[in-house]
Amino acid sequence: MAHQGLDPTIFPDLVDSWGPIGTTTRAVFGAVVPIAADLADQQAALIAHGDASGTAKFTWGTSATYDLATEAFTFVGPTAPPLLVSSVGGQTRWCVEGMVLSAGSALDWLRGACGLGGHARFESLAGSVADAGGAAFLPALNGLGAPHGDPARRGALHGLTGGVTRAHLARAGIEGLAFRAREVLEHIEGLTGGAASQALGVDGGLTRSRLFLQVLADLTGRAVGRHATPEATLLGAAIGAGRGAGLLSETDIAAMRRFDDPVSPSLGADEASARFAAWRAAVYG
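If you're wondering where the values come from, they're calculated on a predicted model, not measured in any experiment. Within every chain, residues take consecutive numbers counted from 1 along the sequence as written. Local features are withheld for residues below a pLDDT of 70 in this predicted model, meaning they are given only at 70 or higher, and side-chain atom pairs are given and counted only at 80 or more; totals for whole chains, interfaces and linings count all residues. To get the side-chain values, all heavy atoms of the structure are used, and hydrogens and water are removed first.

## Here we look at the overall build of the chain
Turning to step 1, where the next piece is worked out: Counting from the N terminus, the helices are DSSP H or I runs at least four residues long and the strands are E runs at least two residues long. Counting its regular elements, the chain contains 9 helices and 10 strands.
Turning to step 2, where the next piece is worked out: Computation of the radius of gyration draws on C-alpha atoms, with the globule rule given as 2.2 Å multiplied by the number of residues to the power 0.38. Expected size for 285 residues packed as a compact globule is a radius of gyration near 19 Å; at 21 Å, the chain falls within 12% of this value.
Turning to step 3, where the next piece is worked out: Principal-axis analysis of the C-alpha atoms places the extent of the chain at approximately 65 × 45 × 40 Å.
Turning to step 4, where the next piece is worked out: Counting across all 285 residues of the chain, residues that qualify as buried make up 43%.
Turning to step 5, where the next piece is worked out: Of the accessible surface of the chain, which amounts to about 13,400 Å², a share of 57% is contributed by carbon and sulfur atoms. Relative accessibility thresholds used throughout: buried, under 20% of the residue-type maximum; exposed, over 50%; partly exposed, between the two (1.4 Å probe, protein chains only). For the area figures, the Shrake-Rupley method with a 1.4 Å probe applies, and any residue is considered shielded solely by the protein chains shown.

Put into structure tokens, the structure is as follows:
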């Protein structure tokens, strides 16, 4: 800060991610409330899943974010710098992160633009066919995140023929998200030297769809575990605050890290890889 001519006093103090950080003022909240945690949203969601090295999660909402907890601060590549998960008492934990910039927002657009109905109707259509009938959807309404880093890319529908129905379009939408997830997973795990040590944990609004979870498992080749608390970001923040206020033990926290019935892939690895290659050829040319 000093070498840039900036006064250090204009910046907030660096504090631990949880602990006795401070208090609110009575004038704002009507009472003095302790502030016991300060976490970024996606890192909070990772904490809800578990922050031991090798833990991985994908949060699915308007966008989607993959985080893989790592041992140490290591620059693994120009497109995936490490992010701080938490720092408490000099002990710092890190993760590597990649984003699908358009996830739930892409499906919302597809439903509206193609007249595919509400969420229930959309899922019913997508579940009525086994594949996308040759259609391929690139969910890039806001550009492409990892591993492309291409903000100028725009979303697209490819492979449209007279045989493509509304059901195929709905299916293409869900498959497009799963294929983008596979791109992110393979890229980050390749950079960090291997796959995550556990089944892929997921949370967020889209994970309420069992069909989405099955397609995600099929096309990524990963067993998928849905967090029992869909809004895992809030749970992670609560875990941090509970730790900081001394109200939660590690046993308590372990009991909060519960997952609904896991979803296993129903496609063989070769078929999933062939579908992935065909999708990439369609959407990227």
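## Regarding the packing of helix 2 (residues 41–49) against helix 7 (residues 232–244)
Turning to step 1, where the next piece is worked out: Axis angles are defined between N-to-C directions and span 0 to 180 degrees, where every axis is a line fitted to C-alpha atoms and, for a helix, only to the segment in contact. Contact geometry for helix 2 and helix 7: axes closest at 7 Å, N-to-C directions at 80 degrees. Here helix 2 lies roughly perpendicular to helix 7, going by the angle between them. Contact with helix 2, carried on its side by D41, A44, A45, I47, A48 and H49, involves A232, T233, L235, G236, A237, I239 and R243 of helix 7 and no other residues of that element. Note on terminology: angles under 35 degrees are roughly parallel, angles over 145 are roughly antiparallel, angles of 65 to 115 are roughly perpendicular, and the others are oblique. Residue contacts are defined here by distance: any two heavy atoms, one from each residue, within 4.5 Å place the two residues in contact.

## Observations regarding the side chain of T24
Turning to step 1, where the next piece is worked out: Tracing the backbone through its elements, the reader meets T24 in the loop between strand 1 (18–23) and helix 1 (26–29).
Turning to step 2, where the next piece is worked out: Residue class for T24 comes out buried when judged on its relative accessible area of 13%.
Turning to step 3, where the next piece is worked out: Any N or O atom pair separated by 3.5 Å or less is treated as a polar contact, with the protein-specific requirement of one donor-capable and one acceptor-capable atom, and with residues adjacent in sequence counted only for side-chain atom pairs. At 3.2 Å, the side chain of T24 and the backbone oxygen of A31 are in polar contact.
Turning to step 4, where the next piece is worked out: Beyond its immediate stretch of four places on either side in the chain, T24 contacts F29, A31, V32, V33 and I35.

## A look at helix 7
Turning to step 1, where the next piece is worked out: Across its 13 residues, helix 7 extends 18 Å between first and last C-alpha, which sits within 8% of the 18 Å expected from 1.5 Å per residue.
Turning to step 2, where the next piece is worked out: Among the residues of helix 7, A232, L235, G236, I239, G240, G242, R243 and G244 are the ones counted as buried.
Turning to step 3, where the next piece is worked out: Looking at the buried side of helix 7, the elements it contacts are strand 1, strand 2 (34–37), helix 2, strand 9 (200–203) and helix 8 (250–256).
Turning to step 4, where the next piece is worked out: G246 sits one or two residues past helix 7 and shows a positive phi near 70 degrees. To estimate the expected span of a helix, count its residues, drop one, and scale the result by 1.5 Å.

## A closer look at a nonpolar patch on the surface
Turning to step 1, where the next piece is worked out: A patch consists of residues exposed above 30% relative accessible area that lack any salt bridge, with like charges linked at up to 9 Å and nonpolar side chains (Val, Leu, Ile, Met, Phe, Trp, Tyr) linked at up to 5 Å. By salt bridge we mean one thing: a side-chain nitrogen of Lys or Arg within 4 Å of a carboxyl oxygen of Asp or Glu. Taken together, L6, I10 and F11 make up a surface patch of nonpolar side chains, about 260 Å² in accessible area.
Turning to step 2, where the next piece is worked out: Within the element layout of this structure, L6 appears in the segment before strand 1.
Turning to step 3, where the next piece is worked out: Judged by its relative accessible area of 34%, L6 falls in the partly exposed class.

## Quick look at the packing of aromatic side chains
Turning to step 1, where the next piece is worked out: Any pair of Phe, Tyr and Trp rings, taking the six-membered ring for Trp, is counted once the centres come within 6.5 Å. Such a pair is stacked with planes under 30 degrees apart, edge-to-face with planes over 60 apart, and tilted for the rest. Tallying each qualifying case throughout the model produces 8 aromatic pairs.
Turning to step 2, where the next piece is worked out: Ring plane angle 45 degrees and centroid distance 5.4 Å describe the contact between F58 and Y66, whose orientation is recorded as tilted. Y66 matches F58 in its accessibility class, with the two residues each being buried.
Turning to step 3, where the next piece is worked out: Where W109 meets F137, the ring centres are 6.3 Å apart and the plane angle is 5 degrees; that geometry is what we call stacked. Taken as a pair, W109 in helix 3 (residues 104–113) and F137 in strand 7 (residues 136–138) lie far apart in primary sequence, 28 residues in all.
Turning to step 4, where the next piece is worked out: For W109, a relative accessible area of 41% corresponds to the partly exposed category.
Turning to step 5, where the next piece is worked out: The exposure class of F137 is buried, given its relative accessible area of 1%.
Turning to step 6, where the next piece is worked out: These aromatic residues form a ring-pair network of at least three members: F58, W60, Y66 and F212.

## A short note on the pattern of salt bridges
Turning to step 1, where the next piece is worked out: One pass over the structure, following the stated rule, counts 15 salt bridges.
Turning to step 2, where the next piece is worked out: The salt bridge partner of R257 is D51, with a shortest N-O separation of 3.9 Å. Highlighted residues: R257 in the loop between helix 8 and helix 9 (269–284) and D51 in the loop between helix 2 and strand 3 (56–60), separated in sequence by 206 residues.
Turning to step 3, where the next piece is worked out: For R275, the salt bridge goes to E271, with nearest N and O atoms at 2.9 Å. Note that R275 and E271 are positioned in helix 9 at a spacing of 4 residues, about one turn of the helix.

## Comments concerning the nonpolar core
Most often, soluble globular proteins have nonpolar side chains that are buried together.
Turning to step 1, where the next piece is worked out: In this structure, F58, W60, Y66, V202, F212 and L216 are the most contacted members of the largest nonpolar core, which totals 54 residues.
Turning to step 2, where the next piece is worked out: If one sorts the elements of this core by residue count, helix 5 (residues 166–191) sits on top with 12 residues.
Turning to step 3, where the next piece is worked out: In contact with W60, not counting residues within four places along its chain, are A103, L177, A181, V202, D203, G204, G205, L206, T207, F212 and L216.
Turning to step 4, where the next piece is worked out: Among the nonpolar cores identified, the runner-up in size contains 12 residues, and A45, L46, A232 and I239 belong to it. Residues grouped as a nonpolar core are buried Ala, Val, Leu, Ile, Met, Phe, Trp, Tyr and Cys residues, joined through side-chain atoms within 4.5 Å.

In short, geometric facts, not functional conclusions.
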